[in-house]
Amino acid sequence: MTLAYLNGTWQPLEDARISPLDRGFLFADGVYEVIPVYAGKAFRLAEHLARLRFSLAEIQLPSPLDEAGWTALIAELIERNGGGNLSLYLQVTRGATSKRDHAFPPAGTEPTVFAMVSPMAPAPADAPDTTPGVAAITLPDCRWLRCDIKSVSLLPNILMRQQAVSQGAAEAILLRDGEATEGSASNLFIVTAGTVITSPKSPLILGGITRDLILELCREHGIACAEQPISEDALRSADEIWVTSSTREIVPVISLDGATVGEGRPGPVWRQVAGLYTAFKRALADNV
Ligand code: PMP
């Protein structure tokens, strides 16, 4: 049984209830985080909390907890759910009031804070020899211009991901003004002539925590890398394509819109970087 946190109380996830007037429900007026937990330890917690702080500030919602408060809540959530490897979900909305109104509710309206965990599926990087890689498609990026806010307003992402799934692909890679930005729920990397390239941070992408760690690991281990725009041509002629996220880590893409990427199997640079990522993760888990 999963124990969830909702506005100061702990309860079985299936018993947790919010008001239909909650602005998260009515307007998707809220933000969220997904934090991987390895061996009972929240991974890159400071980075996730910094992004949560950024998202809250950008939607002008004062944080209901300070850094120590979030850290304690997350530790208790992990402990109450038995630790291990988990995907931890955290959501904050602008709360519920007595009527539906687009404008912000009266000062003093309590934000809704919800947190839960779910089991973490093994990531491809954990089994590099048997990972087949995934198919991806490209789609026009139909989202708004503030994709750097981790908003719960995910309808465009959902529709694009579903289009990928209905075509037998695992991810949609998004194109805007001739450039590939990111995936519907992931950041994008390509490898061209041995250099690892990812889109620069901007309001058009979510600044992924996994993305940042991959760049850090590349720099630390002397792997050439760059943050630069990825043209559609560069994407289509890349030697390797990866999509990255906290829960899936680094996923090699072996076909794009039905065309083979590289040699049609996970590439050597993916293998190297996935190995570094797994080693980093395991070292951290061992130090718990
Ligand atoms: N971009 C989008 C649109 C996402 O939804 C996600 C993850 N949910 C990411 C990038 C990857 O971010 P992170 O590595 O922090 O999980």
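Residues numbered from 1 in each chain as written. Predicted model: local features only at pLDDT ≥ 70, side-chain atom pairs only at ≥ 80, totals over all residues. Heavy atoms only, no water.

### Structural notes on the site of the ligand
Step number 1: Around the ligand sit 17 residues, and of these Arg51, Glu182, Ile209, Thr210 and Ser246 come closest.
Step number 2: Taking Ser186, its main chain carries an N or O atom lying 3.4 Å from a nitrogen atom of the ligand.
Step number 3: Residue Thr210 places a side-chain N or O atom 2.6 Å away from an oxygen atom belonging to the ligand.
Step number 4: Alone, the ligand offers 390 Å² of accessible surface; in the complex the protein occludes 92% of this.
Step number 5: Elements supplying a minimum of two residues to the shell around the ligand: strand S9 (179-183), helix H5 (209-220) and strand S14 (240-245).
Step number 6: Classifying every residue of the shell around the ligand gives three nonpolar, 10 polar and four charged. (Near = heavy atom within 4 Å. Polar contact = N/O pair within 3.5 Å; in protein donor to acceptor, adjacent residues only side chain to side chain. Areas by Shrake-Rupley, 256 points an atom, 1.4 Å probe, with all protein chains shown as cover. Helix = DSSP H or I, 4+ residues; strand = E, 2+ residues; numbered from the N terminus. Nonpolar A, V, L, I, M, F, W, Y, C, P; charged D, E, K, R; others polar.)

### Some points on helix H7 (residues 268-286)
Step number 1: Compared with the 27 Å implied by 1.5 Å per residue over 19 residues, the 27 Å span of H7 between its first and last C-alpha is a close match.
Step number 2: Residues of H7 that are buried include every one of Val269, Trp270, Val273, Ala274, Leu276, Tyr277, Thr278, Lys281 and Ala285, and no others.
Step number 3: On its buried face, H7 is in contact with strand S3 (30-38), strand S10 (187-192), strand S11 (195-198), H5, S14 and strand S15 (249-256). (Expected span 1.5 Å × (residues − 1). Buried < 20%, exposed > 50% of the residue type's maximum accessible area, 1.4 Å probe, protein only. Contact = heavy atoms within 4.5 Å.)

### Brief notes about the nonpolar core
Step number 1: Residues Leu52, Trp70, Ile74 and Leu88 are the most contacted members of the largest nonpolar core, which totals 24 residues.
Step number 2: Listed by contribution, the elements that provide at least two residues to this core are S3, helix H2 (45-58), helix H3 (67-80), strand S5 (86-93) and strand S6 (112-119).
Step number 3: It is H3 that contributes the most residues to this core, five residues altogether.
Step number 4: In contact with Trp70, other than residues within four places in its own chain, are Leu49, Leu52, Ser63, Pro64, Leu65, Leu90, Val92 and Val113.
Step number 5: In terms of nonpolar packing, the next biggest core, distinct from the first, is built from 22 residues, Leu215, Leu217, Ile250 and Val273 among them. (Core = buried A, V, L, I, M, F, W, Y, C linked by side-chain atoms within 4.5 Å.)

### Quick word on the environment of Val251
Step number 1: If you trace the backbone, Val251 turns up in strand S15.
Step number 2: Note: C-alpha distance between Val251 and Gly133 (118 residues apart in sequence) is 6.7 Å.
Step number 3: Setting aside residues up to four positions removed in sequence, Val251 forms contacts with Pro124, Val134, Ile241, Trp242, Val243 and Trp270.

### Looking at the sheet that holds strand S1 (residues 3-6)
Step number 1: What the six strands build is an open sheet, ordered S2-S1-S6-S5-S3-S4; its pairing is antiparallel. The sheet is open, and its two edges are formed by strand S2 (9-12) and strand S4 (41-42), each paired on a single side.
Step number 2: By the bridge criterion, eight bridges tie S3 to S5 in an arrangement that is antiparallel. Bridging across to S5, Val37 finds its partner in Leu86.
Step number 3: On top of the sheet, H3 reaches S1, S2, S3, S4, S5 and S6; it is set at about 135° to S5, its chief contact. (Pairing = 2+ DSSP bridges. Axes fitted to C-alpha atoms, helices over the stretch in contact; angles between N-to-C directions.)

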